[in-house]
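# Descriptive structure summary
Here are the chains, one letter per residue:
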Amino acid sequence: MLQSKTRAWVSVDRNAILHNVEEIKKLLDEDSEIMAVVKANAYGHGDTVIAKLLENNGIHTFAVSSVDEALNLRRVGVSGDILILGYTPPVHFHYLIEENLLQNFLSLDYAKKVNEFALAYGVKIRGHIKVDTGMGRLGIRYTDDEDGYEDIKAVYQLEHLAVEGIFSHFSVADELDEENLNYTSHQIELFEKVLERLKEDKIEPGKRHIQNSYGILNYKLHYDFVRPGLLILGVTSDDAIPIKSNPDFIPALSWHANISYVKTVQPESSISYGRHYIAKSERKIATVSIGYADGVPREVSNSGMEVLVHGKRCPIIGNICMDQMMVDVSDIDDVCEGDVVTLVGKDGDEQIKIDEWSRKVPTINNDMLCRISARVPRFYSRLK
Ligand SMILES: *Cc1c(COP(=O)(O)O)cnc(C)c1O
């Protein structure tokens, strides 16, 4: 039987994380390295613990979305390179220097600002140039008519920047229909063209990278880095989407809470806010100490979503509350206060994947994992 740890909690299996890293490596070229994307608290898994674990196991390059996330990693002693994928506001440029961080040089104008700051401090600021080959988010836009190349070149020539790499980002690497395969191939072609032109101009591009998780699963490329986030955690965005490779990933996260109260209610009894659940017969109802303030999506109220109790599936009934929810445990014997409910993970022979929650919301696993709130403590398995 699962042991209670606290009111509601997440368990992260560190062995699964290391296993997933090995699985990712099998999909890579010998010369490609992993830049571990641990943004958004490593998608809710705990960025500091995950980064330290990876750093102790041969990964020395990380990517985060913001300078705050980068500082978090430095604070716990992560010493590898950290690339900030997002926008760092000028008031925080000093951290790039003080903490030896790498910045995404996301446009020529922005790179010039960083360059001026570095000049004033008499140092070089490190970073990678982002090229927009079709995502349309950040990066110097590079198109078929080769617009943008002069800007890319100009960033390399800024004297107070140490441009150590160049990268781009896929927008449909998860889609395998012809149109989207062509779109991604075209993104790769544009990236290659930029690299060719840099070669012609005798500019050393530095580290090259373009693949996120689906880019790794569906495309065999030969760049210096790959940038997996989700895959390290053992999940994809959506289990229903076919992929071209067949890796053996283990989801690292499980999610649990306690039963706080068990009672029997009579037919016609209503449960929870809004009275959307009315018992049709005598039912045994468990109150569970977790709610939407913990990240349980309120959207799944009255949707038939299930959780595991004593290794069996039980439906959530009525509206999900801020700190609690109710589950119909009529079919479970000997259920009592203090028993553990599994929202995500295994209990006995049954398993609920994060994907099941995502489908009900509906959203993708990336979003669903990030919803598990800061209030929920994270526990980590011992390493084998
Ligand atoms: C989030 C992100 C990644 C990682 O994406 P996954 O799908 O989790 O692998 C890689 N690169 C960039 C630029 C990102 O924003």
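Right above here is the structure, for reference.
Residues numbered from 1 in each chain as written. Predicted model: local features only at pLDDT ≥ 70, side-chain atom pairs only at ≥ 80, totals over all residues. Heavy atoms only, no water.

### Considering the overall build of the protein chain
Stated formally: Under the scheme used here, helices are H or I runs from DSSP no shorter than 4 residues and strands are E runs no shorter than 2 residues, and both carry numbers assigned from the N terminus. Burial status follows relative accessibility: with a 1.4 Å probe on protein chains alone, a residue under 20% of its type maximum counts as buried, one over 50% as exposed, and anything between as partly exposed. Only four residue types enter the charge count: Lys and Arg as positive, Asp and Glu as negative, with His and the chain ends excluded. The atoms used to mark charge sites are NZ of Lys, CZ of Arg, CG of Asp and CD of Glu.
Counting secondary structure elements, the protein chain contains 11 helices and 20 strands. Projecting the C-alpha coordinates of the protein chain onto the three principal axes gives extents of approximately 80 × 45 × 40 Å. Here the protein chain, with 384 residues, has 52% of them falling under the buried criterion. Across the protein chain, 43 positive and 58 negative side-chain charges occur, with their mean positions spaced 4 Å apart.

### Brief notes about the side chain of aspartate 47
Defined as follows: When a carboxyl oxygen of Asp or Glu is within 4 Å of a side-chain nitrogen of Lys or Arg, the pair counts as a salt bridge. Residue contacts are defined here by distance: any two heavy atoms, one from each residue, within 4.5 Å place the two residues in contact.
Relative to the helices and strands, aspartate 47 resides in helix H3 (residues 47-55). The buried charged residue aspartate 47 lacks any salt bridge partner; its closest oppositely charged side chain belongs to arginine 75, at an N-O distance of 8.6 Å. Ignoring anything within four residues of it in the chain, the contact list for aspartate 47 reads Val38, Asn41, Ala42, Asn72 and Leu73.

### Some remarks on the site of the ligand
For clarity, the threshold we go by: Only a single heavy atom is needed: when it lies within 4 Å of a molecule or strand, its residue is near that molecule or strand. Counting of polar contacts relies on pairs of N or O atoms within 3.5 Å, with two restrictions inside protein: one atom must be capable of donating a hydrogen and the other of accepting it, and residues adjacent in sequence are counted only when both atoms are side-chain atoms. Residue-level accessible areas treat just the shown protein chains as cover; the underlying method is Shrake-Rupley with a 1.4 Å probe. Throughout this entry, Asp, Glu, Lys and Arg are counted as charged residues, while Ala, Val, Leu, Ile, Met, Phe, Trp, Tyr, Cys and Pro are counted as nonpolar. The remaining residues, Gly among them, count as polar.
Taken together, the residues surrounding the ligand are Val37, Lys39, Tyr43, Leu85, Arg137, His169, Asn212, Ser213, Arg227, Pro228, Gly229 and Leu230. Take arginine 137: an N or O atom from its side chain is 3.2 Å from an oxygen atom of the ligand. Here an oxygen atom of the ligand and a side-chain polar atom of serine 213 are 2.5 Å apart. Burial of the ligand by the surrounding chains reaches 91%, relative to a free accessible area of 390 Å². Residue composition of the shell around the ligand, grouped by class: five nonpolar, four polar and three charged.

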